[in-house]
Each structure stands twice: as C-alpha cells, then as structure tokens.
Amino acid sequence: MMRHRISDWDNAYANGINIPQGDRWPTAWVEPARLYREALSALGRTRLGLPYGERPRNRFDLFLPQNKPAGLVVFVHGGFWIGLDNSYWSHFARGAVERGYAVVMPMYTLAPENRIADITLEIGRAIEAAAKEVDGPIRLIGHSAGGHLVTRMISSTSPLPEAVCSRIVNVVSLSGVHDLRPLMQTKMNEKQRIDREEAYRESPALLEPMSGAWVTCWVGAGERSEFIRQNALLANIWKGLGAETAVVEEPDKHHFNVLDGLEDPNHPLVDALFS
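Predicted model, so just to flag it, every value in this text is computed and none were measured.

**What about the overall build of the chain?**
Here comes step 1: Counting secondary structure elements, the chain contains 10 helices and 8 strands.
Here comes step 2: Relative to a compact globule of 275 residues, whose C-alpha radius of gyration would be 19 Å, the chain shows 17 Å and is just as compact.
Here comes step 3: When the backbone C-alpha atoms are referred to their principal axes, the chain occupies close to 60 × 40 × 35 Å.
Here comes step 4: Taking all 275 residues of the chain together, the buried fraction comes to 56%.
Here comes step 5: In the chain, once contacts between residues fewer than 6 apart in sequence are set aside, the share between residues at least 24 apart is 77%.
Here comes step 6: Accessible surface for the chain amounts to roughly 11,900 Å². Of this, 50% is attributable to carbon and sulfur atoms.
Here comes step 7: Seen as two clouds, the 29 positive and the 33 negative side-chain charges of the chain have centres 2 Å apart.

Set out below in structure tokens:
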C-alpha cells in the first residue's frame, strides 16, 4: 500500500521550476500575443481596453470574427490572482475567433490589493459588460486561477445576474484551482490572503453548481500532481451534484503549453469549448 502526503506546498504548486526551460514562460507568450493583436487591429476586428468598472485594471479586450459573432467566449487569465494581465494571452483567442465567436479577455485587480472574493465580483462585472457587447450563447474558459474564476461563475453563489447565467452554455476550466484551502499553506498566500472563511466561500469544489451546469476540467498529463488532483476534484464533486462534467488529461502537456490548443480552431480543446 502506498501512502501520499504533501509536505512542501510551495513546490506542489510551483510550475516554472518543475518544467524543463520553464522560465521561458510567461515571456514566451508576449510576442505572439502582440502580433495577434496587431494583425486583428489592422483588420478593424479589435476593441482594446474597454472599461467594465472604475478601477485601473477593470478593462477587457474584445476580438471579433470576420462576420457577425455567433456568440461570446470569455477567457480569464491565470497568475495565481497575484500576477500578469490579459496582454499575455491574446493569441489564444485565435481558435474561438476562427470558429466565428467574439472573444473577450478581461483584466482584474490583483491581490494583495484585492481579495479573491473581490476578484470574483470583478470578473462577474466584466462578463456582464461583455454580454451587453455581444449577443448569443456565452462560453467561459479560464486558465489556472482563471479556471477557478470561470467555474466560480457557474456556482450556486455566482455574482452573475440570471439573464447572463441563462446564456452560459459551457465552461472549460484549464488547469484550474478549485479548492483554495491548500494555497493557505503556501508563501503565495502572503499576497493572496486567503483565510478559512474565504476558502470555503470562494472554492467552487466546496460549492454547488448552478442548475444545468456543463463543465470540462482539462489539464496537462505532465502537470504537477496537485493540478491533476484539483482538475479531477471539481468534476467528481459536481457530477454528484447534478452538473454534466468531463475530465481530460492531455498527453505530453504541462501547465503552460496546455494552452497551445486554443490557437487551433480544430484542436480537441477548442472542440470541448464548443461542445
């Protein structure tokens, strides 16, 4: 019988140092993201820096398909709620845009300036504002901390109004963190400031899904075991609470290159988003 126990929680959630040449990310995304923004802007198919609130980071970028959008995809970026912004990820809109959807990528006010509960509210406001810009069904996808935020949107205590919730047809959590309690034991929590009350209030795995929720939990098979565990955790719990769930562990992918499929409109990850 094998037993498992985590003693180094910082290492359990550390991606870059545990991936060969992992220090290339997120810098490796900067140039392709810039080139994609410039290419679509030259075609008049971007609206950048649209406000959804009063704070400096309450902005989102909108990427438009060639014809009238068939609906809206919202991509929420990661960074453990303490780093990065939406400019790193623009090129990952390509697959959905080429499938005929508009894609919105919001920023949010980071910790420690914001608590995670407040970030949840900001993302809710961003999605509500984006929904006014684009008609049709809404599909949500988020990476890492963004996976937490998009699944939080379809929990029973979602900040979204019913009119927006009713338009959400599918959610993909990509390497998502769905139970915040382990992060309380990491050094990152000096900035995240997660306490026990917030962990229970803001962890999708500790909440019930909204009625009719669909969610795909997708992770790289080469990721840290905690991300693989967190990925399966939400799907298993929510399956027992009435949601329709799927779990995917994509071979030969780690925490960063697991996003690459979003650039290809025919990739299984994009298919999952549009299922």
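**Section: the sheet that holds strand 6 (residues 168–174)**
Here comes step 1: In space, the 8 strands of this open sheet follow the order 1-2-4-3-5-6-7-8, with mixed pairing throughout. The open sheet terminates on both sides in strands that have one partner only, identified here as strand 1 (46–51) and strand 8 (244–250). Here the average twist between neighbouring strands, direction ignored, is 20 degrees.
Here comes step 2: Across 5 bridges, the pairing between strand 3 (residues 72–76) and strand 5 (residues 138–143) is parallel. Each bridged residue has a counterpart across the sheet, and for V74 the counterpart in strand 5 is L140.
Here comes step 3: Those strands touched by helix 2 (residues 27–42) are strand 1 and strand 2 (59–63), and its axis lies near 110 degrees from that of strand 1.

**Side note on helix 9 (residues 225–239)**
Along an α-helix, residues three or four positions apart point the same way, because every turn accommodates 3.6 residues.
Here comes step 1: The terminal C-alpha atoms of helix 9 lie 21 Å apart, and with 15 residues this matches the ideal 21 Å at 1.5 Å per residue to within 8%.
Here comes step 2: What helix 9 keeps buried is the set E226, F227, I228, Q230, N231, L234, A235 and W238.
Here comes step 3: For helix 9, the secondary structure elements touched by its buried residues are helix 1 (9–12), helix 5 (145–153), strand 6, strand 7 (214–220) and strand 8.

**A short note on the nonpolar core**
Here comes step 1: W81, L140 and L183 are the most contacted members of the largest nonpolar core, which totals 55 residues.
Here comes step 2: When residues in this core are grouped by element, the largest group, 8 residues, is from helix 4 (residues 116–133).
Here comes step 3: In this structure L140 touches V74, I127, V150, M153, I168, N170, V171, V172 and L273, once residues within four positions along its chain are discounted.

**A look at the pattern of salt bridges**
Here comes step 1: Under the criterion given, the structure shown has 14 salt bridges.
Here comes step 2: For R99, the salt bridge goes to D271, with nearest N and O atoms at 2.9 Å. Here D271 lies in helix 10 (residues 268–273) and R99 lies in the loop between helix 3 (94–98) and strand 4 (102–106), a separation of 172 residues in the sequence.
Here comes step 3: Judged by its relative accessible area of 31%, R99 is partly exposed.
Here comes step 4: For D271, a relative accessible area of 35% puts it in the partly exposed group.
Here comes step 5: Look at the salt bridges and you will find they share partners, linking R152, E197, R201 and E202 into a network.

So, how was this worked out
Residues numbered from 1 in each chain as written. Predicted model: local features only at pLDDT ≥ 70, side-chain atom pairs only at ≥ 80, totals over all residues. Heavy atoms only, no water. Helix = DSSP H or I, 4+ residues; strand = E, 2+ residues; numbered from the N terminus. Rg over C-alpha atoms; globule rule 2.2 N^0.38 Å. Buried < 20%, exposed > 50% of the residue type's maximum accessible area, 1.4 Å probe, protein only. Contact = heavy atoms within 4.5 Å. Areas by Shrake-Rupley, 256 points an atom, 1.4 Å probe, with all protein chains shown as cover. Lys, Arg positive; Asp, Glu negative; His and termini not counted. Charge placed at Lys NZ, Arg CZ, Asp CG, Glu CD. Pairing = 2+ DSSP bridges. Axes fitted to C-alpha atoms, helices over the stretch in contact; angles between N-to-C directions. Expected span 1.5 Å × (residues − 1). Core = buried A, V, L, I, M, F, W, Y, C linked by side-chain atoms within 4.5 Å. Salt bridge = Lys/Arg side-chain N within 4 Å of Asp/Glu carboxyl O.

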